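Summary of the model geometry
Residue-level listing of the chains:
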Amino acid sequence: MDPPPRRLAAPLLLVLLLLAAAPPAARAWKRDEFRNCNQTPFCKRARTRAPHSLDAPLSLAAGSLAVSPDGSVSAELSHPSRPRPLVLRLSALPPHALRLQIDEDYSTAAPPHRRFQVPDVLLPDIEARTLHLAEPKTAGGVSTVALSSDLDVVVKHDPFELTVRRAGSGGPVLSFNSHGLFDFEPLQVAKPEEETWEEHFRSHTDKRPRGPQSITFDVSFYGADFVYGLPEHGSTSLALRPTRGPGVEESEPYRLFNLDVFEYLHESPFGLYGSIPFMIGHGARGSSGFFWLNAAEMQIDVLAPGWDEAATPENGRIDTLWMVEAGVVDAFFFVGSEPKDVVKQYISVTGTPAMPQQFATAYHQCRWNYRDEADVDGVDAGFDEHDIPYDVLWLDIEHTDGKRYFTWDHSAFPNPEVMQRKIADKGRKMVTIVDPHIKRDSSFHLHQEATDKGYYVKDANGNDYDGWCWPGSSSYPDMLNPEIREWWADKFSYENYKGSTPTLYIWNDMNEPSVFNGPEVTMPRDAMHYGDVEHRELHNAYGYYFHMATADGLLKRGEGKDRPFVLSRAFFSGSQRYGAVWTGDNSADWDHLKSSIPMVLTLGLTGLPFSGADVGGFFGNPEPDLLVRWYQVGAFYPFFRGHAHHDTKRREPWLFGERRTAIIREAIHVRYSLLPYFYTLFREASVTGIPVMRPLWLEFPADKETYNNGEAFMVGPSILAQGIYEEGQKSVSVYLPGKESWYDLRNGSPYKGSVSHKLPVLEDSIPSFQRGGTIVPRKDRFRRSSTQMVNDPYTLVIALNSSNAAEGELYVDDGKSYDYQQGAFIHRRFVFADNKLTSLNIAPDNLVKKKFTSECVIERIIILGLRSGAKKAIIEPGNQEVEIESGPVSLRSGSSPVAPTIRRPNVRIADDWTIRIA
């Protein structure tokens, strides 16, 4: 949701009123409202430094490495000009991860404050999983430590440099400070009289009472053709483009600083709502990753070849420069033979994504705002009238009593529980918005309680911080404090949240945190948090802690039995453990549709598989054809929601004529038919971290044609889709990777792999294909909601490869509880080989505390690419004979019978069985 304009010369109330009347175009994003690198002193200083400089204080030297009792290796980093040395610690995590920690040695000339280390992001057992490193081997000023059987850590002592390399004669994979740009500004005991620590931007002053404390270093990725990651920014490129060096026209680093950016640009390195300081390098020789656990403002340059004026830039190496305002070095180096290895290692330290409820993977309908209960009833009935399924109806800020969260506007929503029950009777849910700004109103019990308990973030003078947001004068709970997070979680109980029911879930917006009259529309950096921590040190994690507390609240509400659903706009590393995110306040234009694909793919690569973009664009009125194309793409987003600004025209799916309604209905039906496949993929993500929606190169890591393809994407290992991103487009080129054939999802037509196909653009669908060698589970009976599909039979679509083989999986549980953690689920692998389809149980034997049963059967088996003209199949056990007939690939109206289909085998999904083609 958008903030009002930043100009505050007039009283803010007047500004807010004027905002409501202003056309959206008059309030577009303005670059000068946000700081660039030259306006950010720590970034500007870091970019002026030359590589390989021996000037103080850059040229740090490492002392002798020593193995500590806990198995880590430590050393001192020093330079004569520093007031105190730095302490370096190296530790290893299985299978190929190196952790590098650097902080000041506070035992010497200690400053009055310590640097902030971000808590509650890394998994709590990380120290217990740390491996014992062997004694370093030192010769010629270089020490070598074995990281694993095939990787070494090499430390050059003077000047300090660290390299992760392949053991033996293998080359480097990642390096730290190989260009000598490491700088760690020391905390000062007191401000020298001649120095000015204050910083100014527009009308705001940052007092910076603790002085400069930035950190800078370079990281190099060897054997990488491209680097990826660092959400969140708008881009139509999947790979991160160079930001500095030869050929770079506009030199601005990628900024990680959570901001409420008004109508953000679709192509910009400026930071948006969330920050993940994780980068992946990939090339034909393998994959690597670098993660820096730091929640302060961060700026990262991707350096073009020749940036350091090298006569011959090293081929296959990408240099990057990392700059942060405060904090410590707590960094992880990951190495893998393929990119999935790197993603799994990142997840192993930040946590696996939460397993969502089944309903959350279906379609959501939202608007700022559905006006009242009659409007809700009308929208709900409209979906039924037009035979369009949906699962969740959302209410934005206007549902509250004067923007007081946990309340209802009783004139518009006098009977919220009755309203929710009517929706729930159809198997549907509702979501309400709860933002972090609390209205400063002495009659509002939540504000009075937070004030009395001292639970608000403080300003630089120690008073409760008072900023402006939707309610007007607002304060913000200090979510860094575990006690306050626990207090917040209690507010979601049915007793405290009057009018809520078990089918009501939560949306966290504006949690960057957004402050309309703050610098860059956020909280001042010198505001103070629990533990004497400045806001500058934890800014990027504030929304993460808010998301955590809200999810914990829903967990407590359900007595630990009900999986929470909480959507958050702001995010940080670890947010995947608490729910879904989305790409924020996008615009209704073709460029934003196109940029949504790299944005969602990047979120998945960096640990956030449950994400999507607002279908249709939040701002503006989409052309009907754009809206249709967005639904066709959005049906493949992991998080599938239509949403719109209150200034826009109504855009429920049936308002654009019968033909377009039919096409949108078909797109949503595609999603609902694939829900068993999506749910199976969410299960995989919850165990391994591998995203639901994937770049092509995640499945085809050796195919260079896929490395910077940001228009096509994979859904799991089996489905490839590509949107239509231009108005009036007549044809589209689609690259299908791999050696095996691909089959059109609509009609089963085969297409060769490793070929770019020029295809005509069709009005009623986007190019989408099933990969040869895969089996996809579907449900083809359409109901009002996914809940009503629970007992429906399944369809298996088998796409054979050149060996006439295929395999796939199906995961099923109760869709809502945590019983699956105790073995209450069905997990099957389907294997087709030698003209025989076999169902195998792949659930682990050690999880048998609870059981889940299902009477669901498979009613159709479609076989694409089957060469034989067989007419019968035999089901074992039982020696039952069934017919093979020609049938349609999809059940859409007018589909022709084109594929061999085993009808009504009626084998249970929970059983072992074999079906042999006779």
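Preceding this paragraph is the structure being described.
Note that the coordinates shown come from a computational prediction; the quantities given were computed from them, not determined experimentally. (Residues numbered from 1 in each chain as written. Predicted model: local features only at pLDDT ≥ 70, side-chain atom pairs only at ≥ 80, totals over all residues. Heavy atoms only, no water.)

Moving on, we get to the packing of aromatic side chains. Applying the stated rule across the entire model yields 56 aromatic pairs. Pairing F217 with W292 gives two aromatic rings, centres 4.5 Å apart and planes at 45°, and the pair type is tilted. Of this pair, F217 sits in strand β14 (residues 215-222) while W292 sits in strand β18 (residues 286-292); the two residues are 75 residues apart in sequence, bridging distant segments of the chain. Neither F217 nor W292 differs from the other in exposure class; each is buried. Summarising the aromatic geometry, the rings of W408 and F413 are spaced 6.3 Å apart at their centres and angled 55° between planes, so their arrangement reads as tilted. Pair check on accessibility: W408 and F413 agree, each one buried. Ring pairing ties together the aromatic residues F160, F176, F182, F184, F217, F290, W292, W322 and F333, which thus form one cluster. The aromatic ring of W582 is capped on one face by R641, whose charged end is 5.0 Å from the ring centroid. (Phe/Tyr/Trp six-rings, centres within 6.5 Å; stacked < 30°, edge-to-face > 60°. Helix = DSSP H or I, 4+ residues; strand = E, 2+ residues; numbered from the N terminus. Buried < 20%, exposed > 50% of the residue type's maximum accessible area, 1.4 Å probe, protein only. Lys NZ or Arg CZ within 6 Å of the ring centre and 35° of its normal.)

A side chain with one charge may pair with a side chain of the opposite charge, provided their charged atoms come close. Scanning the model with the defined rule gives 72 salt bridges in all. Put simply, K594 and E711 hold a salt bridge, and the shortest N to O gap is 3.2 Å. Here the residue K594 occupies a position in helix α10 (residues 590-605), and E711 occupies one in the loop between α14 (696-699) and β36 (712-715), the gap between them amounting to 117 residues. Overall, the relative accessible area of 23% leaves K594 in the partly exposed class. A relative accessible area of 28% places E711 in the partly exposed class. (Salt bridge = Lys/Arg side-chain N within 4 Å of Asp/Glu carboxyl O.)

Further remarks concern the sheet that holds strand β39 (residues 742-744). Within the open sheet, the six strands sit side by side as β35-β36-β37-β42-β39-β40. Their pairing is antiparallel. Because the sheet does not close on itself, it has two edges, and the strands there are β35 (693-694) and β40 (750-751). In this sheet, strand β37 (residues 719-722) lies alongside β36 in antiparallel orientation, the contact comprising four bridges. Residue pairing in the sheet places A712 in a bridge with Q722 of β37. This element, helix α13 (residues 675-688), spans β35, β36 and β37 of the sheet and lies at about 85° to β36. (Pairing = 2+ DSSP bridges. Contact = heavy atoms within 4.5 Å. Axes fitted to C-alpha atoms, helices over the stretch in contact; angles between N-to-C directions.)

Counted by the stated rule, this structure contains one disulfide. Disulfide pairing is shown between C37 and C43; the S-S distance is 2.0 Å. Taking the sign of the S-S torsion, about -100° here, the bridge from C37 to C43 comes out left-handed. In this structure, C37 and C43 share a single accessibility class: buried. With no disulfide of its own, C366 lies 17 Å from the sulfur of C469, the closest cysteine sulfur. On the basis of relative accessibility, which here comes to 2%, the residue C366 falls in the buried class. (Disulfide = S-S within 2.5 Å.)

In this model, the largest pocket occupies a volume close to 660 Å³. Along the lines of polarity and charge, the residues of the lining of the largest pocket split into 15 nonpolar, nine polar and eight charged. (1 Å grid on protein atoms, 1.4 Å probe; cavity = no way out; pocket = protein on both sides within 12 Å on 5 of 7 lines; lining within 4 Å. Points joined across faces, edges and corners; volume = space filled by probe spheres on them. Nonpolar A, V, L, I, M, F, W, Y, C, P; charged D, E, K, R; others polar.)

So, about the packing of α10 against helix α11 (residues 624-634). It is at 10 Å that the axes of α10 and α11 come closest, and there the two elements cross at 10°. Our classification of the angle between α10 and α11 gives roughly parallel. Across the interface between the two elements, W590, H592, L593 and I597 from α10 touch D625, L626, R629, W630 and V633 from α11. Along the lines of polarity and charge, the residues of the contact of α10 with α11 split into six nonpolar, one polar and two charged. (Parallel < 35°, antiparallel > 145°, perpendicular 65-115°, else oblique.)

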